Amino acid sequence: MSFHKDILLSVIAPCYNEEEAIGEFINRTVSVLDEHCPNYELLLVDDGSKDKTVEKIAEYQRKNPNIRLIRFSRNFGKEAAVTAGLEHSAGEIVVMLDSDLQDPPSLIPLLLEKLDSGYDIVSAQHTIRKKETFLKKITSKLFYRLAAHMTGLTIPDTVGDYRAMRRKVVDAVVSVKDNVRYMKMIYAYVGFRNATVLYEREPRFAGVTKYNYPRLITAALDAIISFSDKPLRYISLMCIGISISAFLLIIYVILQKIFAGDTASIANGWTSLVVLINTLFCLLFAFLAIISEYISRILRESKHRPLYFAEEIRGGRTDYPSILKHK
Ligand code: UDP
Ligand code: MG
């Protein structure tokens, strides 16, 4: 691994209310880096934590000049935190991992080794999902299938955010300015030579997950909507089909009235009317829901607001003053 010893490695971790895990995370990460790639910077992005995460990071910064803190003015979400880390990274190689120790830092050397064997981006893929409910496993599988079908971009359901990448990949990802962001999809979108390394995902070191079901559903919609207009096209096709059927039904009913004298044979009273109206309303409201999801994201995207506000950037390497220095 001599190759990595002389180039700068940036390690990025988003942190949101991680006061119980962050200390152990820094200790374990720094010990791996000291041993395998001592020329590093550790970028910790505090995503508006309300606990003592920032104070904890400050303690470690006093001992270690390689740690940089980027502190957000409030919680902007993990995708924004990860993007900020990438934008502020100086390294020729960048590693991204969670700060709750679910992504073991001991895997970093293996990711770098794989990268070294001729890849531009290496993702950590976990073998089994321990302790996850059946519902979570099945919905997650379903989402990845649907996302692949809709967007044409494949992301395996056992790949998280843990990955190592070269500067050209980082630059490509940072150049994607989407406000509606789903990082895994963006990594897939930019392409490059990619590989995976298998690992066993640990349980959280401490604290609780910040991803409840509503947040996961929003993220899933972000992923599909920002990379595919297929749902809208399906709606459009179905609308054409429904309107043709409705037109044919009108002609049929009128002809029956003229020639058979009544319409009772197909529109058998109240029941058939209710079925017809409800079917149409079900479809109509489902279409409206999908269209609303698109419109709300178009609104967010059209404002071109900054993804985050960094209230403070403190500490870290000063021998790489410009993020473009190594280029
Ligand atoms: N995180 C963040 N901002 C958020 C939510 C999460 O920066 O709004 C960070 C969090 O501190 C952790 C990582 O993103 O390092 C993954 O979050 P979490 O462990 O809650 O998600 P899970 O692993 O359960 O999917
Ligand atoms: Mg986690």
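Residues numbered from 1 in each chain as written. Chains lettered and ligands numbered in written order. Predicted model: local features only at pLDDT ≥ 70, side-chain atom pairs only at ≥ 80, totals over all residues. Heavy atoms only, no water.

Draft legend 1. Structural detail: the packing of helix 10 (residues 230-259) against helix 11 (residues 269-302). Where helix 10 contacts helix 11, the two axes come as close as 11 Å, and the packing angle between them is 155°. Judged by the angle between their axes, helix 10 and helix 11 are roughly antiparallel. For the crossing formed where helix 10 meets helix 11, the hand is left-handed. Contacts between helix 10 and helix 11 involve K230, P231, L232, I235, M238, C239, I242 and L249 from the first element and L276, L280, L283, F287, I290, I291 and Y294 from the second. Here the contact of helix 10 with helix 11 is composed, by residue class, of 14 nonpolar, no polar and one charged. (Axes fitted to C-alpha atoms, helices over the stretch in contact; angles between N-to-C directions. Helix = DSSP H or I, 4+ residues; strand = E, 2+ residues; numbered from the N terminus. Parallel < 35°, antiparallel > 145°, perpendicular 65-115°, else oblique. Left-handed = near helix turned anticlockwise from the far one by under 90°. Contact = heavy atoms within 4.5 Å. Nonpolar A, V, L, I, M, F, W, Y, C, P; charged D, E, K, R; others polar.)

Draft legend 2. Expanded view of the pattern of salt bridges. Per the counting criterion, the structure on display carries 15 salt bridges. Between D98 and K78 there is a salt bridge, with the nearest N and O atoms lying 2.9 Å from each other. In this pair, D98 sits in the loop between strand 4 (93-96) and helix 5 (108-116) while K78 sits in helix 4 (residues 78-88), placing the two residues 20 residues apart along the sequence. Given a relative accessible area of 13%, D98 falls into the buried group. A salt bridge links D98 to R201; the shortest N-O distance between them is 3.8 Å. Of this pair, D98 sits in the loop between strand 4 and helix 5 while R201 sits in the loop between strand 7 (194-199) and helix 9 (213-225), and the two are 103 residues apart along the sequence. By relative accessible area, which is 21% here, R201 ends up partly exposed. Each member of the salt-bridge network shares a partner with another, and the members are K78, D98, D103, D161 and R201. (Salt bridge = Lys/Arg side-chain N within 4 Å of Asp/Glu carboxyl O. Buried < 20%, exposed > 50% of the residue type's maximum accessible area, 1.4 Å probe, protein only.)

Draft legend 3. Summary view of the site of ligand 1. Near ligand 1, the surroundings consist of 18 residues, among which E18, D47, D100, T209 and K210 are the closest. In this structure, Q102 approaches ligand 1 through a side-chain N or O atom, which is 2.8 Å from an oxygen atom. When ligand 1 sits alone it has 530 Å² of accessible area, and the protein chains cover 91% of it. Among the residues making up the shell around ligand 1, the classes are represented as four nonpolar, five polar and nine charged. (Near = heavy atom within 4 Å. Polar contact = N/O pair within 3.5 Å; in protein donor to acceptor, adjacent residues only side chain to side chain. Areas by Shrake-Rupley, 256 points an atom, 1.4 Å probe, with all protein chains shown as cover.)

Interpretation in functional terms is not warranted from these geometric data alone.
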